[in-house]
Amino acid sequence: MRLVQGNEAVALAAVHAGCNFYSGYPITPATEIMEMMARQMPKTGGVFIQMEDEIGSIAAAIGAAWGGAKAMTATSGPGFSLMQENLGYACMTQTPVVVVDSQRGGPSTGLPTLPAQGEVMQARYGTHGDHEVIVLTASSVVEAYRMTVEAFNLSERYRLPVILLLDAVLSHMRENVEFPDVPVRERVMPTIDENFLPFGPDAPFVPFGSGHHTVVTGMSHDETGLPKALAGQAVQRILRGVQERLAQDAREITFYHEMELADADIVLLTYGITARAAREAVGLLRADGVKAGLLDLQTLWPFPEWLILEKTQAAKAVLVPELNLGQYVIPVRAAIAGRCPVESLGRCDGELFTPEAMVEAAKALAHSLEIGGVAHD
Amino acid sequence: MPESLAWMIGGDQGEGIDATGDVFGRVLSRLGYYIYGYRHFSSRIKGGHTNFTVRIARERILAPQDEVEVLVALTQETIDRNCALLRDGAPLLADSQLKPTLPEGCQAQLVEIPLTQVAREIGAPVVRNMVAVGASAALFGLPIDAFETYVREKFERKGAEVVAQNIAALGRGHAFIEEAGLVARFALPDAVPRERYLMTGNDSLSLGALAAGCRIMAAYPITPATDIMENLASLFPRFGGAVCQMEAAITLVIGANYAGARAMTATSGPGFSLMQEGIGLASMTEIPAVVIDTQRVGPSTGMPTKNEQSDLMAAVFGGHGEGQRIVIAPGTAVQAFDDGFEAFNLADRYQCPVIVLSDLALAQWLQSVEDLPLKGHLIDRGAIVDQAELDRLTGEFERYRVTEDGVSPRALPGMQKGQFLATGVEHAASGKVSETPQNRVAQMEKRSRKLEPLRARPGAIEARHLDGADIVIACFGSVIGAVDEAVDALRREGVRVGRVQVRQLWPMPDVPLAAALAGARAVLVVEQNATGEMRQLMRIASLEDGRYHSLLHFDGTLLSPQRVIEAVHELRVEEEV
Amino acid sequence: MTKPGIDLTPLLRQEMMPTVWCPGCGHGIIARGIATALMSLGLDMDQVAFVGGIGCSGRAPFYFDANSMHTTHGRALAFATGLKMVNPKLTVIVPMGDGDSMAIGGNHLIHAARRNIDITAVVFNNSIYGMTGGQGAPTSPLDSRSTTSPMGSIEPAFDTVELALAAGATYVARTTTFDFQEMPQLIAGAIRHHGFSVVEVLSQCPTYYGRLNKLGEAPDMLLYERDRTKLLEAFGPPPEITREEMVGQLPIGLFRDEERPEYVDQYHGLIARAGGGKSAS
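For clarity, every value in this text was computed on a predicted model and none was experimentally measured.

**Digging into empty space enclosed by the protein**
Where empty space is left becomes clear once a probe the size of a water molecule has been rolled over the atoms.
Logical step 1: The final tally for this structure, using the stated rule, is ten cavities of 30 Å³ or more.
Logical step 2: Approximately 250 Å³ is the volume found for the largest cavity.
Logical step 3: Around the largest cavity, the lining comprises 23 residues; the ones closest to its centre are Met92(A), Asp130(A), Val235(A), Leu239(A) and Pro299(B).
Logical step 4: At the level of secondary structure, the elements contributing two or more residues to the lining of the largest cavity comprise helix 5 (84-92) and helix 9 (231-248) of chain A.
Logical step 5: Here the lining of the largest cavity takes six residues from helix 9 of chain A, the largest share from any one element.
Logical step 6: Looking at the lining of the largest cavity residue by residue, the classes come out as twelve nonpolar, seven polar and four charged.

This is the structure we're talking about:
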């Protein structure tokens, strides 16, 4: 057991996952990841660089990936906005890269030291053009560690940028932890012959220097990588391929915790830091006779609609507490499509939820729906 | 389908293909026809196949057609690539110098015409294409004098010899078709000559911005938005404005708007992604800013010269934190003028960034425009305080005062007692930094509240033929051209179909949209993207139910009315409508 | 120096031919210069990487049969930095446009120079944005015409060489597409040089810059390049350049070729000090 900070856990997990390139630019509250990596990288034979801006940071990470590294960068809202163009480049070029966004109050400079969950939609939709990404989140130091390793694993497996959303509190929080031994997906170099298609279906990621003269471009291209005529159809093929793989593997790539869902009338649906208060709130509600349960997601995107439907099947209401004006509640509401009420509990004042605030909201919801267990006085 | 004909000229890039298409289109426009002129091109300047199609009709058309009636080929590649578009027996005019051959199975009528040779005989190789124009005029039975008049005006500046050479070229081309006995092979029905504008969405949008009092434009060159910058670089100096070519354009726009100017930028996907940070600053500081995003195929560089509508989600959700943005999308050149104007009013009224989502087809293809509706527009600068109000102030000026409608009074730099701090950090009513939870909530709610009325803004949707419609098509942007044409054709067939064009995409006009779609048995959302972005937004606005279907078109080509008609028929079978 | 008749096709990616460059464009001459330099150095193309940005020059990576990366506008050097750091064995060449390197990507250029990372930047400077149709560039001279400065540019131009020298690049040269005799040698020198190299090649864009500024066709523009430049004492010791000398005629040749600790070496020294054992690759 040791006392570890959230950001530190991310850096340690990255090293465990085989990260050997880190590029970044200082920004609160993500800076400690960078400082830690500045120390860790040379010790493990990896490379660290402080770039001139966040645009350069993600560019260098993508370049490093093509140089053969497992690469990561970390930032916060303003830097994450700057990275949007090159995030799209990583999507288009199917480059494995991990981007950590430790969220603080936005928009713009906002509340630089206070937590928020304002980038849930941006992480999914921020770059222009149709694309797929994987977005993970965490609610504790140990989970930050686990999800960082998974972020690397998923980015390797699907050749996609994976975004890990933290927040100012989790980044700076210290907890006593014992790090779990999360398996690491190693990169396997295939045998390359002249028929090798670097962007073919299920093609492994083969960096530069392998002997295959790969063309990497942000232009629409076909499986060879070349931007030929009719690339429009090829892009369609490649994008659909990624979507299908993600859909097929949905159960494996969707990480979540659940608590007391079997008979829950009211389901609290949370992600990230808000799960902590929600766990306590469920206990308090149960003690008061309200049948509450918790679905806590670590995989936010691809949207686990199947899971949400499965777990809320018998629910009479769903409450979605989040540190924003109500972002993830949007697709949740759309998925549940009126089968039961879906209530947003938003908070954007830079403070965390207390369990009591959730209890109160859940009770009010139960009351309004005349769900049993709430005293009618 | 309206009765229309399409004429295509193809050759290598840099051979004046566009200019020739432009001449042909403009003369037909003068003769009273409606024109839609579109081009196939790639990201290179010279070399490589390109073609320009002029579609001609007696009613308004804003979409391509699947077939062409006449093809003029300056290269063998033009024939190989495009002859499948020709109907059987249709004339294919090819420069005899190519020793052209028809691919197997092609039933076109190959007409070899000595374009290069005639141009040489005239003594000006550059008039080759004009010979083809003269020949084409004859094929359509058009009066050659209309072309002569146009050429005279166009080349007057270049001297009498150039004019004479071009007129000779027209005549020789015409004479060739006469000798071949092909005059009026595709006679166009008469039209009433009437002067209309032939312009692109980039043209009309530039004029809309100019009319709205925009006098600062900062941008960085990017296809297909660059024309706006170039248009304004020519126009602005005459009106006291300036175009600044910037390496970070959005920041200059925010600065200029802060100073009280009406300023904008225009870009495309990659540039738009880069602007996300700046747009967030405009949201937070409540500084108006107009951003034109002329969409092209993405993600990343994608296909810079092909059409797509796939930046919608990025326009709505692209920024970190939760900043206010208004997203509007014109579909025609007239609407681009409207939105180019109204974007500034919305930005001033709601003190936030306004994103005008244009797209490549709207931005670059020529369309006939009756008139630009300048009269309907008034400049509204929103809640700018006057000096007298400030003079009466006893305390500090509160730029971010919490008001009922969320819009706060705005002072401009230079006004006495109107100083305030504009910062991207959370701030109190005075503008000074404040991170207390109470203030944060008050300011966030104030900013969010501002946009509520927009959900029911008149003009946020435009509907046609909803009464009794079994199927309603919903769309945004330039696909409205194909959709409208399809709707008219289907209704002539007796299919009860209507359409809704969503002009304002964010905030989603959920109330009027729900009302518009209430009576439909099926809703077909037509979009040029791969993931159904507008449908996702409609779903978010809780509009979606079992009636919804999508037609997604994203291979970079333009959506044709025919494709929409087919989709509606497929839907009718599926839904038994 | 290879002779004009030498076959460079083994270095080229045939399926991407013809290039997107217009007839008369100088970029093909520069590409030939790079290919000639590579041929003279006898490098294994498996270990050569081209990283380009967006614009006419950005297409160059497509045409070399090597490890090719066509990235985002202005950012090529940042991508190349990551690539070079984790795989120092690669010879990294970054073809850049003038807008690409000095407008949107100016920040990355000066920082790559400051770090002295072993990358060769070849700046294809045609004084205009070609791909988007003739807008002004940060290298467009005062008063020159472009579609965004239709009445003449009111902005002074960057001097690539001065900028690179001031920012700390350790190999800095300028040549033109007219001076093809020297160009491959200067580029080969840059590739051989262990540190950040900038070779600016003045190139002609007859389609836009030439037409808008009435400089005639490509051959006329080549002569214009000849006349507006003055060759330094070729390949002698780096000269002292004064502003006065630069008025009227632009000096071309080799401006700096000096050794300074290279960034990747420095970093690997740091790894050794930290006890990191094996290097990143």
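More follows now that the structure is in view.
**A closer look at the interface of chain A and chain B**
Logical step 1: Listed per partner, the contact involves 54 residues of chain A and 51 residues of chain B.
Logical step 2: Both faces considered, chain A and chain B share a buried interface measuring about 4,400 Å² in area, 59% of it formed by carbon and sulfur atoms.
Logical step 3: When the buried area of chain A at its contact with chain B is split by residue, Pro107(A), His128(A) and Asp130(A) rank highest and sum to 17% of it.
Logical step 4: There are one salt bridge connecting chain A and chain B.
Logical step 5: The interface formed by chain A and chain B holds 29 residue pairs in polar contact (both at pLDDT 80 or more) in total.
Logical step 6: Elements supplying a minimum of two residues to the side of chain A that touches chain B: helix 4 (77-82), helix 5, strand 6 (111-115), helix 6 (120-125), helix 9 and helix 13 (329-336) of chain A.

**Regarding unusual backbone geometry**
Logical step 1: Cis geometry is adopted by the peptide bond preceding Pro224(B), which originates at Thr223(B) and carries an omega value of 0°.
Logical step 2: Within the fold, Pro224(B) resides in the loop between strand 8 (214-219) and helix 8 (226-239).
Logical step 3: Residue Gly298(B) is joined to Pro299(B) through a cis peptide bond whose omega torsion reads 0°.
Logical step 4: Note that Pro299(B) resides in the loop between strand 11 (289-295) and helix 12 (312-317).
Logical step 5: Unusually for a residue other than glycine, Ser127(C) sits at a positive phi of about 65°.
Logical step 6: In this structure, Lys214(C) is a non-glycine residue whose phi angle is positive, near 50°.

Calculation rules
Residues numbered from 1 in each chain as written. Chains lettered and ligands numbered in written order. Predicted model: local features only at pLDDT ≥ 70, side-chain atom pairs only at ≥ 80, totals over all residues. Heavy atoms only, no water. 1 Å grid on protein atoms, 1.4 Å probe; cavity = no way out; pocket = protein on both sides within 12 Å on 5 of 7 lines; lining within 4 Å. Points joined across faces, edges and corners; volume = space filled by probe spheres on them. Helix = DSSP H or I, 4+ residues; strand = E, 2+ residues; numbered from the N terminus. Nonpolar A, V, L, I, M, F, W, Y, C, P; charged D, E, K, R; others polar. Contact = heavy atoms within 4.5 Å. Buried area = accessible area lost by both parts, 1.4 Å probe. Salt bridge = Lys/Arg side-chain N within 4 Å of Asp/Glu carboxyl O. Polar contact = N/O pair within 3.5 Å; in protein donor to acceptor, adjacent residues only side chain to side chain.

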